[in-house]
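A look at the structure
One letter stands for each residue in the lines below.
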Amino acid sequence: MTATEVLPVPRRTTMIPLLAGAGFVVFWSSGFIGARWGTTYSSAVDLLAWRFLLAGAVAALVLAIRRPRISRADVLTHVAMAFLTQFVYLGLIFTGIDHGIPAGLTALIGSLQPILIATVAGPLLGERVSPLQWAGLLVGLGGVGLVVADDLGHGSPLLFLLPFGGLLGLAAGTCLERKRRPKAHLLDALCLQSLVSGVLFLTFATVTQQMTVPHELGFYGAAVWLVVLSTTGGWGLYLVNLRLSGATRVSSLLYLVPPTTMVLAYLMFHETIGLLAVLGIGVCAIAVLLIRWPNPRQSDPEMATLRSWRNRGG
């Protein structure tokens, strides 16, 4: 085999992006459900402080056992990402839900990220957005609008500044990761960010006197739900997909979050799903297919990463 020949990727390996993407959508959606569940007992800040108290304790234990060597540049990158994508994003998103913005509508605002990322992916990250992907981004935006059309009359307009601010934090953190490309292991990155977020949320909750000790077991059930499903599953798979697929493609998966959130809300809280929502779910699925459709004229970051893992014996 010559140096220029391309190694085939086994079928089981090509399933990795699909499984990682599907898992990310479900686990990321679980965060909105956990936010609604937990904020029925206490404030958003209190819930997030307990969530990252638990996650930070586990993260500190894992880091103490693994004792990873992380460069100073990577440490600074992950500290900044923790601030942007967890303290800013989650803090503002949960506060919005705490003040009455429906979980589905909050997820809709978060789903504007693909459009935001696409406008900066080219100049900042060197990720070319094809005409087919642009079409998918616009189709997905319309699909998400259909999903939550019935919720648009809820809440004061000023409240929507909260999830919009969170959206900007998540987008900034995503671009930072793709720009800096930290080399730390994904597990170490997740633990480091969780530990930093724990310090930030605990400090903020204490300073603002919002840290309490709730007596309802449901509150701690929501906190554990968020640690296991949202932090470990959702954010962990976000980092995996970001390295596999790039900023534009992983952001496109957020189009599937509002419909998934609505299905979970129906199962857990008996919220109704209208005909427009069902139509929107189908439109969102088509949009994601368009955005993630392979382009033979440009390199596929998923396949390049998978071949790299295979050559290293991963």
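These numbers come from a predicted model, not from an experiment.

Cut-off values and rules
- Residues numbered from 1 in each chain as written.
- Predicted model: local features only at pLDDT ≥ 70, side-chain atom pairs only at ≥ 80, totals over all residues.
- Heavy atoms only, no water.
- Phe/Tyr/Trp six-rings, centres within 6.5 Å; stacked < 30°, edge-to-face > 60°.
- Helix = DSSP H or I, 4+ residues; strand = E, 2+ residues; numbered from the N terminus.
- Buried < 20%, exposed > 50% of the residue type's maximum accessible area, 1.4 Å probe, protein only.
- Core = buried A, V, L, I, M, F, W, Y, C linked by side-chain atoms within 4.5 Å.
- Contact = heavy atoms within 4.5 Å.
- Expected span 1.5 Å × (residues − 1).
- Bend = angle between axes of the 7 residues up to and from the residue.
- Axes fitted to C-alpha atoms, helices over the stretch in contact; angles between N-to-C directions.
- Parallel < 35°, antiparallel > 145°, perpendicular 65-115°, else oblique.
- Left-handed = near helix turned anticlockwise from the far one by under 90°.
- Nonpolar A, V, L, I, M, F, W, Y, C, P; charged D, E, K, R; others polar.
- pLDDT = per-residue confidence, 0-100.

As a further point, take the packing of aromatic side chains. Considering all chains together, one arrives at 13 aromatic pairs under this definition. Ring geometry for Phe 24 and Tyr 238: centres 5.6 Å apart, planes at 45°, overall tilted. Here the residue Phe 24 occupies a position in helix α1 (residues 11-38), and Tyr 238 occupies one in helix α9 (residues 217-245), the gap between them amounting to 214 residues. Side by side, Phe 24 and Tyr 238 carry an identical accessibility label, which is buried. Relative to Trp 235, the ring of Trp 28 has its centre 6.0 Å away and its plane inclined at 40°; by these criteria the two rings are tilted. Taken together, the residues Trp 28 in helix α1 and Trp 235 in helix α9 connect sequence positions 207 residues apart. Here Trp 235 falls in the buried class, since its relative accessible area comes to 5%. Among the aromatic residues, ring-to-ring pairing joins Phe 24, Trp 28, Tyr 89, Trp 235 and Tyr 238 into one connected group.

Among the nonpolar cores identified, the biggest contains 45 residues, and Phe 24, Trp 28, Phe 32, Phe 94, Trp 235 and Tyr 238 are the most heavily contacted of them. Looking at this core, the elements that each hand over two or more residues are α1, α2 (44-66), α3 (72-98), α7 (161-180), α8 (186-207), α9 and α12 (275-291). Excluding residues that lie within four positions of it along the chain, Phe 94 makes contacts with Gly 31, Ala 35, Thr 39, Ala 44, Leu 47, Leu 48, Arg 51 and Leu 226.

Looking now at α3. Counted at 1.5 Å a residue, the expected span for α3 with its 27 residues is 39 Å, and the 37 Å between its end C-alpha atoms agrees. The sharpest bend along α3 comes to roughly 25°, located at Phe 83. Two residues or fewer past α3, Gly 100 is found with a positive phi of approximately 105°.

For α7, with 20 residues, the first-to-last C-alpha span of 28 Å sits near the 28 Å given by 1.5 Å per residue. Within α7, the full set of buried residues consists of Pro 163, Gly 166, Leu 167, Gly 169, Leu 170, Ala 171, Gly 173, Thr 174, Cys 175, Leu 176, Glu 177 and Arg 178. Downstream of α7 by one or two residues, Arg 181 has phi in the positive range, about 45°.

In contact at an axis separation of 9 Å, α2 and α3 are set at 135° when each is read in the N-to-C sense. By the criterion of interaxial angle, the relationship of α2 to α3 is oblique. Judged by the twist between their axes, the crossing of α2 over α3 is right-handed. Between α2 and α3, the residues in contact are Ala 44, Leu 47, Leu 48, Arg 51 and Phe 52 and Gln 86, Leu 90, Gly 91, Phe 94, Thr 95 and Asp 98, respectively. The residue makeup of the contact of α2 with α3, split by class, is six nonpolar, three polar and two charged.

Our focus in this paragraph is unusual backbone geometry. Even without glycine at this site, Arg 67 takes up a positive phi of about 45°. As for its position among the elements, Arg 67 is in the loop between α2 and α3. One non-glycine residue, Gln 209, adopts positive backbone phi at about 60°. Assignment of secondary structure puts Gln 209 in the loop between α8 and α9.

Now for the confidence of the model for the protein chain. Of the residues in the protein chain, 78% reach a pLDDT of 70 or more, and the chain-wide mean stands at 79. Here residues 1-9 scores under 50 on pLDDT; set against residues more than four positions off or in separate chains, the count is ten contacts. Overall, residues 298-314 carries pLDDT values under 50, and its contacts beyond four positions in sequence, including any with other chains, amount to 32 contacts.

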